[in-house]
Amino acid sequence: MVDKPWDGPVGRRDERWVDEAAGPVVRPYAISRGRTKPRGEPLDLVTILAGTGQEPPMRVRLSPEEHRLLDLCQRRPCTVADLASDLNLPLGVVRVLAGDLVHQGMLEIRRQRPVTARPDQRLLQKVLDDLKAL
Amino acid sequence: MTSRLSDVEFSPVQDGPREALKILVAGGFGAGKTTLVGAVSEIRPLRTEENLTAAGARVDDLGGIETKTATTVAMDFGRITFPDGIALYLFGTPGQERFWFMWDELAYGAIGAVVLADTRRLTASFAAIDYFEQRSTPFVVAVNCFDGAAKHEVEEIREALDVDAAVPIVLCDVRERESAKHVLVTLVAHALSLSASGLS
């Protein structure tokens, strides 16, 4: 086989989970196929991700974790922190999976400002009013 | 693929957050970080797999464990979703020094930080205060007044902690929702005034 896709699922096993409390038996980064560095733009804990509704590219088969991630973001936009918590996956793994899905056009980043920029005064005022009304 | 019918059932109410913002909650072990977060928001668990620093590897007893390069850091966070679509996330910073590398990422783009101080162990908050001062991150000091803990004057505490007169110091009881809310209001108001004066 020549032209092998870079991220085809290899040897997936269904018996990976013991039970809810025990968590995955495999090392977390096995889910991300050993990769620890996400591709593309840095994803902050509060970066909002939304599903684009696009079909996976040809020859790309999504893992169960990617399916679950996409499913959540397709229902409504989610932050990276919420995804890690909802999927019960380590943050680093979620970043790798989400980075791939963004790259493949199935997820999009909804962010109005750069990761390192502090919120502007207009936004701070809104949060202040919101908190007071809580 | 799921059926298209299910898409129709989703209402605009479930549009998800339009904006998501962070606040850090720092402080020594047992200062009440999780209690504060839980008083104002729903607490959610988060796992992160991180490489141990050289310093951490020395501290950690990993005898018998094959993989010595990574460790799982469990942390809690809180989320408050406001009706206007803004979601406010409260992240407790991992207390141990070996997890400090995570603070930068938590602090990037954050509104600011709450440094929880315990009057019985004021020194435990020095490191956090230094960190936020050096990075010009807006912060407030919240002094958790436990039952029976000696009441201290704010100015006494300010002197002991050596924080700038402009930094708000609030006495609070992190178990009380209104008190915890007041701490957050104080922080956001402080961040706003710094931003307005061009200091942040």
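Nothing here was measured: the structure is a model prediction, and the numbers come from that model.

## A word on the sheet that holds strand E3 (residues 107–110) of chain A
Residue and element names in this part refer to chain A. Ordered by their spatial adjacency, three strands build an open sheet running E2-E1-E3, and the pairing between neighbours is antiparallel. Each edge of the sheet is formed by a strand with only one pairing partner; in this case those strands are strand E2 (78–79) and E3. Where strand E1 (residues 48–51) and E3 come together, four bridges link them in antiparallel fashion. Bridge pairing links Ile-48 to Arg-110 in E3. The strands touched by helix H2 (residues 64–75) within the sheet are E1, E2 and E3, with E1 carrying the most contacts at an inclination of about 95°.

## Here we look at the confidence of the model for chain A
Scored by pLDDT, chain A has a mean of 81; 72% of the residues are at 70 or more. Low pLDDT, under 50, characterises residues 1–20 of chain A; the predicted model gives this stretch 26 contacts beyond four residues in sequence or across chains.

## Digging into the interface of chain B and chain A
Taken together, the contacts link 50 residues of chain B with 42 residues of chain A. Buried surface at the junction of chain B and chain A, both sides included, amounts to about 4,200 Å², of which 59% is carbon and sulfur. The interface formed by chain B and chain A contains six salt bridges. For Arg-122 of chain A, the salt bridge goes to Glu-19 of chain B, with nearest N and O atoms at 3.9 Å. In this assembly, chain B and chain A are joined by 15 residue pairs in polar contact (both at pLDDT 80 or more). Looking at the side of chain B that touches chain A, the elements that each hand over two or more residues are strand E1 (19–27), strand E2 (42–51), strand E3 (70–81), strand E4 (86–92), helix H4 (101–107) and helix H7 (177–196) of chain B. With ten residues, H7 of chain B is the largest single contributor of residues to the side of chain B that touches chain A. Partitioned by chemical class, the residues of the side of chain B that touches chain A number 28 nonpolar, nine polar and 13 charged.

## Considerations on the packing of helix H2 (residues 33–40) of chain B against H7 of chain B
All names here are of chain B. Put simply, H2 and H7 touch, their axes get as near as 8 Å, and they point 100° apart. With respect to each other, H2 and H7 are oriented roughly perpendicular. For the pair H2 and H7, contact is made by Leu-36, Ala-39 and Val-40 and by Arg-177, Ala-180, Lys-181 and Leu-184, respectively. Looking at the contact of H2 with H7, its residues break down into five nonpolar, no polar and two charged.

## Examining helix H3 (residues 80–87) of chain A
Where burial is concerned, most of H3 of chain A is hidden: seven out of the eight residues are buried. In the segment just after H3 of chain A, Asn-88 of chain A is the residue with positive phi, at about 55°.

## Some details on the packing of helix H5 (residues 121–132) of chain A against H7 of chain B
For the pair H5 of chain A and H7 of chain B, interaxial distance at closest approach is 9 Å and the crossing angle is 160°. Judged on the interaxial angle alone, H7 of chain B and H5 of chain A are roughly antiparallel. Remark: the crossing between H5 of chain A and H7 of chain B carries left-handed chirality. Between H5 of chain A and H7 of chain B, the residues in contact are Gln-121, Leu-124, Gln-125, Val-127, Leu-128, Leu-131 and Lys-132 of chain A and Lys-181, Leu-184, Val-185, Val-188, Ala-189, Ala-191, Leu-192, Ser-195 and Ala-196 of chain B, respectively. Taken together, the residues that form the contact of H5 of chain A with H7 of chain B break down as eleven nonpolar, three polar and two charged.

## Things to note about the nonpolar core
In terms of nonpolar packing, the biggest core is built from 56 residues, with Leu-69 of chain A together with Phe-91, Phe-132, Phe-139 and Val-141 of chain B touching the most fellow members. Looking at this core, the element that brings in the most residues is helix H4 (residues 91–103) of chain A, giving six residues. The residues contacting Phe-91 of chain B, other than those within four sequence positions of it, are Leu-45, Val-46 and Ala-81 of chain A together with Lys-22, Ile-23, Leu-24, Val-25, Leu-46, Met-75, Asp-76, Phe-77 and Leu-106 of chain B. By size, the runner-up hydrophobic cluster in this structure holds 34 residues, among which are Ile-23, Val-37, Val-174 and Ala-180 of chain B.

## Examining the pattern of salt bridges
Taken as a whole, this structure holds 15 salt bridges over all chains when the rule is applied. Here Arg-79 of chain B and Glu-42 of chain B are joined by a salt bridge, their closest N and O atoms 3.0 Å apart. Here the residue Arg-79 of chain B occupies a position in strand E3, and Glu-42 of chain B occupies one in strand E2, the gap between them amounting to 37 residues. Taking the relative accessible area as the measure of exposure, Arg-79 of chain B reaches 14% and is therefore buried. With a closest N to O distance of 3.3 Å, Arg-135 of chain B and Asp-104 of chain B form a salt bridge. Taken together, the residues Arg-135 of chain B in the loop between helix H5 (126–134) and strand E6 (139–144) and Asp-104 of chain B in helix H4 connect sequence positions 31 residues apart. In the salt-bridge network here, residues are joined through shared partners; they are Asp-82 and Asp-86 of chain A together with Glu-42, Arg-44 and Arg-79 of chain B.

## Structural notes on the packing of aromatic side chains
Residues and elements named next belong to chain B. Going through the model one piece at a time under the given rule, you end up with seven aromatic pairs over all chains. Judged by centre distance (5.7 Å) and plane angle (20°), the rings of Trp-103 and Phe-132 are stacked. Of this pair, Trp-103 sits in helix H4 while Phe-132 sits in helix H5, and the two are 29 residues apart along the sequence. Phe-132 carries the same exposure label as Trp-103, and that label is buried. Joined through ring pairs, the aromatic side chains of Trp-103, Tyr-131, Phe-132 and Phe-139 make up one cluster. The ring of Tyr-131 has Arg-135 lying over it, and the distance from NZ or CZ to the ring centre is 3.8 Å.

Reading guide: rules and limits
Residues numbered from 1 in each chain as written. Chains lettered and ligands numbered in written order. Predicted model: local features only at pLDDT ≥ 70, side-chain atom pairs only at ≥ 80, totals over all residues. Heavy atoms only, no water. Pairing = 2+ DSSP bridges. Helix = DSSP H or I, 4+ residues; strand = E, 2+ residues; numbered from the N terminus. Contact = heavy atoms within 4.5 Å. Axes fitted to C-alpha atoms, helices over the stretch in contact; angles between N-to-C directions. pLDDT = per-residue confidence, 0-100. Buried area = accessible area lost by both parts, 1.4 Å probe. Salt bridge = Lys/Arg side-chain N within 4 Å of Asp/Glu carboxyl O. Polar contact = N/O pair within 3.5 Å; in protein donor to acceptor, adjacent residues only side chain to side chain. Nonpolar A, V, L, I, M, F, W, Y, C, P; charged D, E, K, R; others polar. Parallel < 35°, antiparallel > 145°, perpendicular 65-115°, else oblique. Buried < 20%, exposed > 50% of the residue type's maximum accessible area, 1.4 Å probe, protein only. Left-handed = near helix turned anticlockwise from the far one by under 90°. Core = buried A, V, L, I, M, F, W, Y, C linked by side-chain atoms within 4.5 Å. Phe/Tyr/Trp six-rings, centres within 6.5 Å; stacked < 30°, edge-to-face > 60°. Lys NZ or Arg CZ within 6 Å of the ring centre and 35° of its normal.

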